[in-house]
Amino acid sequence: MKLLVVEDDPLIGPAVKAVLENAGYTVVGPLRDAAKAARVGARECPDLALVDVNLAGGENGLVLARRLWQDNGIPSLLMTGFDHHAAEARSFAMGLLRKPVMPDALVQAIGAAGEILGGLRPSSKPDALEIFHGSAAFASGLPKMRSA
């Protein structure tokens, strides 16, 4: 599964990438800028984007996640330490991963998202992950699970 990581924290982004690559995922990023992430997402066609809600400068992660979904059919898991973003993201994001997230929980969350993208019910889900069952990304049969 190919993942796009958008995280502006210079410590968190590379750590997320390392954890996910060690778990066997292909990772594009981490990218720190929403505009660049939108361009790279359109070019790379990831299966899932992990998007930090609070990006520095320019668009925030909510705008980016909506754009990735509407323009390219790329579902997103939002990453944030703030619960209030969940309600406004339900229409376009697949779910919310609450920070801080431990490496095992991160890998488990991506595994659960991959199962959902493949049309399956997740075999397990970490407490840090909230799936938005009513979102367009979830309800539409979840677009394209791309094959490499």
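Residues numbered from 1 in each chain as written. Predicted model: local features only at pLDDT ≥ 70, side-chain atom pairs only at ≥ 80, totals over all residues. Heavy atoms only, no water.

**As for the pairing of strand β1 (residues 2–6)**
Point 1. Counting buried positions over the 5 residues of β1 gives 4, a clear majority of the element.
Point 2. The pairing of β1 with strand β2 (residues 26–31) spans 4 bridges and is classified as parallel. Bridge pairing in β2 links Leu3 to Val27.
Point 3. Chirality of the crossover, the property in question, places the unit of β1, helix α1 (residues 12–22) and β2 among those that are right-handed. (Buried < 20%, exposed > 50% of the residue type's maximum accessible area, 1.4 Å probe, protein only. Helix = DSSP H or I, 4+ residues; strand = E, 2+ residues; numbered from the N terminus. Pairing = 2+ DSSP bridges. Right-handed = clockwise from strand over helix to strand, strands pointing away.)

**A word on the UniProt feature "modified residue: 4-aspartylphosphate" (unreviewed entry) in the protein chain**
Point 1. In the numbering adopted here, UniProt assigns the feature "modified residue: 4-aspartylphosphate" (unreviewed entry) to Asp52.
Point 2. Within the secondary structure layout, Asp52 lies in strand β3 (residues 48–52). (UniProt positions renumbered as here; feature names shortened; annotations may be inferred.)

**Looking at helix α5 (residues 103–117)**
Point 1. In this model, α5 (15 residues) spans 21 Å end to end at C-alpha, consistent with the 21 Å of a helix rising 1.5 Å per residue.
Point 2. Those residues of α5 not exposed but buried are Ala105, Leu106, Ala109, Ile110, Ala112, Ala113, Gly114, Ile116 and Leu117.
Point 3. Once α5 ends, the next one or two residues include Gly119, with phi positive near 85°. (Expected span 1.5 Å × (residues − 1).)

**Notes on the packing of helix α2 (residues 34–44) against helix α3 (residues 61–72)**
Point 1. Direction vectors running N to C along α2 and α3 enclose 25°, while the axes themselves pass 10 Å from each other. Classed by the angle they form, the pair α2 and α3 counts as roughly parallel. Relative to α3, α2 is oriented so that their crossing is right-handed. Contact residues: α2 offers Ala34, Ala35, Ala37, Ala38, Gly41 and Ala42, while α3 offers Leu64, Arg67, Leu68 and Asn72. (Axes fitted to C-alpha atoms, helices over the stretch in contact; angles between N-to-C directions. Parallel < 35°, antiparallel > 145°, perpendicular 65-115°, else oblique. Left-handed = near helix turned anticlockwise from the far one by under 90°. Contact = heavy atoms within 4.5 Å.)

**Quick word on unusual backbone geometry**
Apart from glycine, the bulk of residues carry a negative phi angle, and the bulk of peptide bonds sit in the trans form.
Point 1. Of note, the amide linkage connecting Gly29 to Pro30 takes the cis form, showing an omega dihedral of 15°.
Point 2. Secondary-structure assignment places Pro30 in strand β2.
Point 3. Positive phi values are uncommon outside glycine, yet Cys45 reaches one of about 50°.
Point 4. Along the polypeptide, Cys45 turns up in the loop between α2 and β3.
Point 5. Residue classification places Cys45 among the partly exposed residues on the basis of a relative accessible area of 35%.

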